[in-house]
Amino acid sequence: MSATTGESELKQVHSSELPNGVEPEPATNADPEIMVEETEVRSNDTAASTSVDGVGSSKLNNAEGNKTFTMRELLGELKEEKEESTHRSEASEGNEPTEGEIREGSSPYSHGSNQQQYLGQNNVAMDLINSVTGVDEEGRSRQRVLAFAAKRYASSIERNPADHDALYNWALVLQESADNVGPDSSLPSKDALLEEACKKYDEATQLCPTLHDAFYNWAIAISDRAKIRGRTKEAEELWKQATKNYERAVQLNWNSPQALNNWGLALQELSAIVPVREKQNIVRNAISKFRSAIQLQFDFHRAIYNLGTVLYGLAEDTLRTGRPANSKDISPSELYSQSAIYIAAAHALKPNYSVYRSALRLVRSMLPLPYLKVGYLTAPPAGNPIAPHSDWKRSQFALNHEGLHQARKVEQQLSPTSSGRLQSVPDKSIIKVEVADIVSVTACADLTLPPGAGICIDTIHGPVYLVAETWENLDGWLDAIRLVTSAATFCWM
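Residues numbered from 1 in each chain as written. Predicted model: local features only at pLDDT ≥ 70, side-chain atom pairs only at ≥ 80, totals over all residues. Heavy atoms only, no water.

Participant: An account of the overall build of the protein is needed here, citing residue identities and associated values.
Facilitator: For the protein, the count of helices and strands is 14 helices and 11 strands. Burial statistics for the protein: of 493 residues in total, 53% are counted as buried. Residue pairs in contact within the protein that sit at least 24 positions apart in sequence constitute 66% of those at least 6 positions apart. Counting only carbon and sulfur atoms, one obtains 51% of the accessible surface of the protein, whose full area is about 22800 Å². (Helix = DSSP H or I, 4+ residues; strand = E, 2+ residues; numbered from the N terminus. Buried < 20%, exposed > 50% of the residue type's maximum accessible area, 1.4 Å probe, protein only. Contact = heavy atoms within 4.5 Å. Areas by Shrake-Rupley, 256 points an atom, 1.4 Å probe, with all protein chains shown as cover.)

Participant: Tell me about the nonpolar core, and name the residues and values.
Facilitator: Ranked by size, the top nonpolar core spans 92 residues in total, and within it Ile129, Trp170, Val173, Leu193, Tyr201, Trp239 and Leu307 carry the most contacts. Setting aside residues no more than four positions away along its own chain, Tyr201 makes contact with Tyr168, Ala171, Leu172, Gln175, Ala214, Asn217 and Trp218. Counting residues in each nonpolar core, the second largest holds 22 residues, with Leu404, Ile438, Ile455 and Trp477 among its members. (Core = buried A, V, L, I, M, F, W, Y, C linked by side-chain atoms within 4.5 Å.)

Participant: Break down the pattern of salt bridges for me, citing the residues and quoting the values.
Facilitator: Any two side chains of opposite charge can pair, given that their charged atoms come close. A complete count under the given rule lists 18 salt bridges for this structure. A salt bridge links Asp224 to Lys227; the shortest N-O distance between them is 3.8 Å. Placement of the pair is Asp224 and Lys227 together in helix H7 (residues 212-228), with a separation of three residues, close to one helical turn. Judged by its relative accessible area of 24%, Lys227 falls in the partly exposed class. Across the pair Glu236 and Lys240 runs a salt bridge, and its minimum N-O distance is 3.2 Å. Highlighted residues: Glu236 and Lys240, both in helix H8 (residues 233-252), separated by four residues, approximately one helical turn. What makes Glu236 buried here is its relative accessible area of 5%. When salt bridges that share partners are traced, they join Asp191, Arg225, Arg229 and Glu234 into one network. (Salt bridge = Lys/Arg side-chain N within 4 Å of Asp/Glu carboxyl O.)

Participant: So what's going on with the pairing of strand S11 (residues 462-468)? Residues and values would help.
Facilitator: For S11, the buried fraction is high: five of the seven residues fall into the buried class. In terms of strand pairing, strand S10 (residues 453-459) meets S11 through seven bridges, oriented antiparallel. Within S11, the position partnered with Cys456 by the bridge is Tyr465. Taking the residues between adjacent antiparallel strands as the criterion, S10 and S11 are bridged by two residues. (Pairing = 2+ DSSP bridges.)

Participant: Talk me through the state of the cysteines; I want residue IDs and the actual numbers.
Facilitator: Under the definition given, this model contains zero disulfides. With no disulfide of its own, Cys444 lies closest to Cys456 among cysteine sulfurs, the gap being 5.6 Å. (Disulfide = S-S within 2.5 Å.)

Participant: Requested: an account of the packing of aromatic side chains, with residues and values cited.
Facilitator: Throughout the structure, instances matching the rule amount to six aromatic pairs. Aromatic ring contacts, followed pair by pair, group Tyr305, Tyr353 and Tyr356 into a single cluster. The ring centre of Tyr376 lies 4.2 Å from the NZ or CZ of Arg394, which sits over that ring. (Phe/Tyr/Trp six-rings, centres within 6.5 Å; stacked < 30°, edge-to-face > 60°. Lys NZ or Arg CZ within 6 Å of the ring centre and 35° of its normal.)

Participant: Could you give an account of the packing of helix H10 (residues 276-296) against helix H11 (residues 301-321), naming the residues involved and the relevant values?
Facilitator: It is at 9 Å that the axes of H10 and H11 come closest, and there the two elements cross at 155 degrees. One element, H10, and the other, H11, form an angle in the roughly antiparallel class. Of the two elements, H10 crosses H11, and the hand of that crossing is left-handed. Every residue of H11 that contacts H10 at Lys279, Val283, Arg284, Ala286, Ile287, Phe290, Arg291, Ala293 and Ile294 is listed here: Ala303, Ile304, Asn306, Leu307, Val310, Leu311, Leu314 and Asp317. (Axes fitted to C-alpha atoms, helices over the stretch in contact; angles between N-to-C directions. Parallel < 35°, antiparallel > 145°, perpendicular 65-115°, else oblique. Left-handed = near helix turned anticlockwise from the far one by under 90°.)

Participant: Help me get a handle on the packing of H11 against helix H13 (residues 354-363), residues and values and all.
Facilitator: In contact at an axis separation of 12 Å, H11 and H13 are set at 35 degrees when each is read in the N-to-C sense. Crossing geometry of H11 relative to H13 is assigned as left-handed. Within the contact between the two elements, H11 uses His301, Arg302, Tyr305 and Tyr312 and H13 uses Val355, Tyr356, Ala359, Leu362 and Val363. Class assignment of the residues belonging to the contact of H11 with H13 gives a composition of seven nonpolar, one polar and one charged. (Nonpolar A, V, L, I, M, F, W, Y, C, P; charged D, E, K, R; others polar.)

Participant: Can you explain the confidence of the model for the protein? Please cite residues and give values.
Facilitator: Averaged over every residue, the pLDDT of the protein is 75; the share at 70 or more is 67%. Low pLDDT, under 50, characterises residues 44-68; the stretch is placed with 78 contacts to residues that sit more than four places away or in other chains. The model gives residues 88-113 a pLDDT under 50, and that stretch makes 33 contacts with residues more than four places away or in other chains. (pLDDT = per-residue confidence, 0-100.)

Participant: Break down the environment of Val433 for me, citing the residues and quoting the values.
Facilitator: Turning to its location among the elements, Val433 is positioned in strand S8 (residues 432-434). For the pair Val433 and Glu402, spaced 31 residues apart in sequence, the C-alpha to C-alpha distance is 8.6 Å. Setting aside its immediate chain neighbours within four residues, Val433 contacts Glu402, Gly403, Leu404, Ile438, Ile457, Thr459 and Val464.

Participant: Report on the pairing of strand S4 (residues 393-399), specifying residues and quantitative values.
Facilitator: One ladder, built from seven bridges, connects strand S3 (residues 373-379) with S4; its direction is antiparallel. Opposite Ala379, over in S4, you have Lys393 as the bridge partner. Pairing of S4 with strand S5 (residues 403-406), which is carried by three bridges, proceeds in the antiparallel orientation. In the sheet register, Ala398 faces S5, and the bridge partner there is His405. Where S4 folds back onto S5 in an antiparallel hairpin, the turn is made up of three residues.

Below is the structure:
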């Protein structure tokens, strides 16, 4: 299955995620029963997640006094300012520049060529915003506030063309106005508003190259433009631009699971358009972005679900070709199993999401029940983590909600009690790590371990070292243990 994009999460999440409860459309080239949850997370969106660390925080950046806002903050402040402006205008007209004044270029710099250029661009943007009506009363009310905001930022830029905060906030207004365009509206087009927003983001980032929120929301705007174009060459180029902007946003703010998730979604969309020979590398890159997002936020259900869908698609592609690309690649059956694990984990975190329920019904039979994960790891003798490499043995391990257990060679040992009855005797020759005891789990490239991909499970009793066969297998174990640990933590909260 090749996942499709759905909507955007905060406009930091667009592609395969659910945009805050909005169900994504099925991918055109994906299994009809599995949907990508296409939710982009916009750092300034009204629905922005509270877990977006450092995104959209208000900060005073220049002498003009403009702030970069989250969209919720922006609309709240603008409503207050609009009311104040209305009251002031009753006593003294003309304190707030009107749309006509802005277009006439009433500032003292209006005769300069640069100023005329800005005025021309402002006029185009203002015409687009003023032509948006909204689809209902709430939308119309929201659009009136956005139009007021546009006038304010146009005025700020007219006074100071180097005001990157005003450019950024105006881009947000254009982007939000695009979301306010009705599905049957021909004028203005959503694409035209998004194109103007992209121009403002471009100008803002040229003036302030470290404005990571601008790169992030710019990528979302580009992604929205790509979706309008379907599976075309033009869309391919736009998706490539979006991935570059997400990459820049992550470089500037590495601690953003939403940006990583959106980056993965954009790559997933791109993989559905590019030639087959390019697809696998792009898909694997998307997998790495979703995994990185989960590592930053273990309960980020959208990234967890998206990882499940992209693994399902990879399993489908691998099965279609007949075999893995090489002997070290994971088999289709293991990919299906991993996909089912992530989809089940997303459903456990958000059981009311219908898209998760539908996907879980499809993959339930692929789960390694009654365990979350079953596979082989190389382990030392129980109680002797510094045993020589020759004593480490490859054996089967199983992970469930209780812990990670090494498979017993003999299912159960029995011994007689004083009354003559038989009772089970705990097998101390196996490794058993209880979920409640786990502090953290990390990859470990320790030269003292046998060859392979090392795992360090830090517990309250000390570290436990194991070795996976490949680094790809290691990722599956790390994610599974982290998800189980995270779920246990939330159960106790």
